[in-house]
Amino acid sequence: MEKNLNGLSVIVAATIVVCTTIVSMVFYNLNDRNNMSKNIESAISKGVDPLSVKCAYEISYNAICITYAATRK
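Residues numbered from 1 in each chain as written. Predicted model: local features only at pLDDT ≥ 70, side-chain atom pairs only at ≥ 80, totals over all residues. Heavy atoms only, no water.

(A) Molecular detail of the overall build of the protein. Along the protein, the regular secondary structure elements total three helices and zero strands. Order of helices (α) and strands (β) in the protein, N terminus to C terminus: α-α-α. Against the compact-globule benchmark of 11 Å for 73 residues, the protein has a radius of gyration of 21 Å, which places it well outside the compact range. Summarising its shape, the C-alpha atoms of the protein cover approximately 70 × 25 × 10 Å along the three principal directions. Burial status across the protein gives 12% buried among its 73 residues. The protein carries 7 positive and 5 negative side-chain charges, and their two centres are separated by 8 Å. (Helix = DSSP H or I, 4+ residues; strand = E, 2+ residues; numbered from the N terminus. Rg over C-alpha atoms; globule rule 2.2 N^0.38 Å. Buried < 20%, exposed > 50% of the residue type's maximum accessible area, 1.4 Å probe, protein only. Lys, Arg positive; Asp, Glu negative; His and termini not counted. Charge placed at Lys NZ, Arg CZ, Asp CG, Glu CD.)

Quick look at the structure:
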């Protein structure tokens with residue numbers, strides 16, 4: 001009986017860790033996009049190119065941002 005409780009405890013703990021990780025990742029992505037949106041609105045009001053703000057938030061290579069950076073002087 002004790003062995004079954006230990007196995008169950010491991011399963012419950014692993015489930016909690018996985019759920020917490022998923023919730024944390026969703027919260028981080030939503031917060032990141034919300035901040036980007038606010039910064040783009042601020043950039044538009046200040047006359048800054050909003051595409052440069054979007055490219056500043058990119059994590060991976062993006063063809064639009066590469067082209068934008070290559071054509072800027």
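More follows now that the structure is in view.
(B) A look at the pattern of salt bridges. Counted under the stated rule, the structure contains one salt bridge. Here Glu 58 ties to Lys 54 by a salt bridge, and the two come within 2.7 Å at their closest N and O atoms. Judged by its relative accessible area of 25%, Glu 58 is partly exposed. Judged by relative accessible area, which is 29%, Lys 54 ranks as partly exposed. (Salt bridge = Lys/Arg side-chain N within 4 Å of Asp/Glu carboxyl O.)

(C) Main features of the state of the cysteines. For the structure on display, the rule yields one disulfide. Through a disulfide, Cys 55 is tied to Cys 65; the S-S separation comes to 2.1 Å. Note on the Cys 55 and Cys 65 pair: the S-S dihedral is about -95°, so by sign convention the disulfide is left-handed. Note that Cys 55 is positioned in helix 2 (residues 50-57) and Cys 65 in helix 3 (residues 63-71), a separation of 10 residues in sequence. When sorted by exposure, Cys 55 lands in the same class as Cys 65, which is buried. (Disulfide = S-S within 2.5 Å.)

(D) Representation of a nonpolar patch on the surface in the model. Together, Leu 5, Leu 8, Val 12 and Ile 16 line one region of the surface with nonpolar side chains, adding up to about 360 Å² of accessible area. Assignment of secondary structure puts Val 12 in helix 1 (residues 2-46). (Patch = residues over 30% accessible without salt bridge, like charges linked within 9 Å, V, L, I, M, F, W, Y side chains within 5 Å. Areas by Shrake-Rupley, 256 points an atom, 1.4 Å probe, with all protein chains shown as cover.)

(E) Spotlight on the environment of Ala 56. Within the secondary structure, Ala 56 sits in helix 2. Along the backbone, Ala 56 and Met 36 are 20 residues apart, and their C-alpha atoms lie at a distance of 9.1 Å.

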